[in-house]
Amino acid sequence: MNTSKTYSTSLFDLDGRPPFKKSFPIALQHFLAMLVGNALPSLVLTSALKGTEFAVPSDQAVYIIQAGMFIAALATFLQLYPVLKVGAKLPVIMGVSFAYIPILLEIGKNYGYGAVFGAQIVGGLVAFAVGMGIGKIRKFFPPIVSGTVVLTIGLSLYPVAIKYMAGGVGSPFFGSHWSWIVAFFTLVVVLACNMYGKGIIKLAAILVGIIAGYILALIIHSTIAPGFMNFKNVVEAGWFTYPHIFPFKPEFPIAAIATMSIMYIVNSVQAVGDISSTTIGGLDREPTDREISGAIKANGVMSLIGSIIGALPTATYSQNVGIVSMTKVVARSVLRITAVVILIAGFIPKFGGLMMSIPQCVIGGATISVFAQITMNGIRLITSQELSIRNATIVGLGVALGMGIVAVPDATANLGDTMKMIFTSSPVILATLVVFILNIIIPGKTLAQEKAEREKIDKK
């Protein structure tokens, strides 16, 4: 009697175990898609605090980046393989989040790194509490609400992608024709592989695009425009590091705690959108309460651990959600490889430095199609419900206010700093609040009911 178990080797099976040669290219493109985003918040914060009383030596600044790699790997492992119902058991990549940057800068400039990590501890507890109770409030997040969150996430990422395509803010080649040539070349390669490629070339379209763009950028750097690429991080980075316990002593200013806690609540709502986008795009279904609860609780737990080792707040990564939606590869074993690569990068700063040598125009050209996929997932969620006048109004106002107010910073010039920080740091925050409130207070009406109302008015 044969008692051996038979496992699926499909890339498109959640529990599939495809061979390494098929898995690795897709795992690597997930890594490349998240790498810059994972490092940038740490770079932005440490750079902003240079010259202030809270500035840290360069080795500590590098460590914060590496700590972000450690926490991204651990958080991804937990999402893939939950422990005690903490984790989503879905193909989700996590990392240090862009969304927190405005709040991190405000807290850092006023109180220093200790307050950042102290507020993060409380924020992690808040996120865990939200995860515990998400099942009871899930009814307040129907497809038009979660879909609008996903749609706004996608739309809000477009400026990020465009800045990347232009060369990256602060780069001497920002906006230059060389940056745009490399960006569009990368995009064309990605589209060609995705639309005309077959097999692994089609599935690894983003990775192929990044490699092609990197080669072109290297040629430009070597022959036409010296300085187009920067290998400083490779040269200066060390060979080995490891997680340290409490490299920064936590502090707990009330204002920092309040602001960070609100941001964690909003980020939990955004996680609902990312998890919904993952299951809709990759598995053709909506997520379960357990999956959403596990994902949010995992973020809370990882934030606590992150504050202990000096890593900034984490979140689910929308760009990687887009890759799952685009490729339909949902096998958790593939993303497990990604998590291992992220962990290795955490121990070897030289490796991270090499990856950081990829020009931002290459990253932008490779990921803008991913962000477009996120946007379309949001539209799919929204249109899974009847697009009645009531629903269209809720979605339209949420997107209009969320995107509009953030796009006009002067419109909130007279608000207090805390209010500005909360409502204008990300369009997702305001859009979420608007659709959440409107969905509760506006009576639900179907297309048939709205038609009946019009007929009744017409008969009077």
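For every chain, the first residue of the written sequence is number 1, and numbering continues from 1 along that sequence. For this predicted model, a pLDDT threshold of at least 70 governs which residues receive local features, and a threshold of 80 or more governs which side-chain atom pairs are given and counted, while totals over whole chains, interfaces and linings are taken from all residues. Working from all heavy atoms in the structure, the side-chain values ignore hydrogens and water.

*Asks:* Any chance you could explain the layout of surface pockets here in plain terms?
*Replies:* Empty space among the atoms can be located by rolling a probe the size of a water molecule over them. Computed from the structure, the second largest pocket encloses a volume of approximately 210 Å³. Using protein atoms alone on a 1 Å grid, points that fit a 1.4 Å probe yet trap it form a cavity, whereas open point sets bounded by protein on both sides within 12 Å along at least five of seven lines form a pocket; residues with an atom within 4 Å of a point count as lining. Taken together, V130, I134, I137, F141, I262, I265, V266, S268, V269, T432, L433 and F436 make up the lining of the second largest pocket. Each helix is a run of H or I in the DSSP string that is no shorter than four residues. Each strand is a run of E no shorter than two, and both are numbered from the N terminus. Elements with a minimum of two residues in the lining of the second largest pocket: α4 (113-137), α10 (254-283) and α18 (427-441). The classification used treats Ala, Val, Leu, Ile, Met, Phe, Trp, Tyr, Cys and Pro as nonpolar, Asp, Glu, Lys and Arg as charged, and all other residues, Gly among them, as polar. Here the residues of the lining of the second largest pocket sort into ten nonpolar, two polar and no charged. Grid points are joined across faces, edges and corners, and a volume is the space filled by probe spheres set on the points.

*Asks:* In this structure, what is going on with empty space enclosed by the protein? I would like to understand it.
*Replies:* With the rule as written, the count across this model stands at one cavity of 30 Å³ or more. Within this model, the largest cavity holds a volume of roughly 40 Å³. Every residue along the wall of the largest cavity is listed here: H30, P91, V92, I93, T278, Y317, N320, V321, V324 and L335. Among the elements that make up the lining of the largest cavity, the one with the highest residue count is helix α12 (residues 318-327) (three residues). Looking at the lining of the largest cavity residue by residue, the classes come out as seven nonpolar, three polar and no charged.

*Asks:* Mind showing me how you'd approach the pattern of salt bridges here?
*Replies:* Note that side chains of opposite charge can pair when their charged atoms are close. Within this document, salt bridges are pairs made up of a side-chain nitrogen of Lys or Arg and a carboxyl oxygen of Asp or Glu, the two lying within 4 Å of each other. For the coordinates displayed, the defined rule picks out three salt bridges. Close ionic contact of R380 with D284 constitutes a salt bridge, the shortest N to O distance being 3.7 Å. With R380 in helix α15 (residues 360-383) and D284 in the loop between α10 and α11 (289-309), the pair connects residues that are 96 residues apart, well separated along the chain. The rule is simple: take the accessible area with a 1.4 Å probe, protein chains only, and divide by the maximum for that residue type; under 20% is buried, over 50% is exposed, in between is partly exposed. A residue is classified by how much of its surface remains accessible, and R380, at 38% relative accessible area, is partly exposed. Note that E291 and R285 form a salt bridge whose closest N and O atoms lie 2.8 Å from each other.

*Asks:* Please clarify how the nonpolar core should be interpreted in this entry.
*Replies:* The nonpolar side chains of a soluble globular protein tend to be buried with one another. To qualify as a nonpolar core, a set must consist of buried Ala, Val, Leu, Ile, Met, Phe, Trp, Tyr and Cys residues joined through side-chain atoms within 4.5 Å. In terms of nonpolar packing, the biggest core is built from 129 residues, with F31, I107, I206, F228, L312 and V334 touching the most fellow members. No other element matches helix α2 (residues 58-80), which puts eleven residues into this core. Those residues in contact with V334 that lie beyond four places of it in its chain are L11, P18, S23, I26, A27 and V329. Note on contacts: a residue pair is in contact if any heavy atoms of the two residues lie within 4.5 Å.

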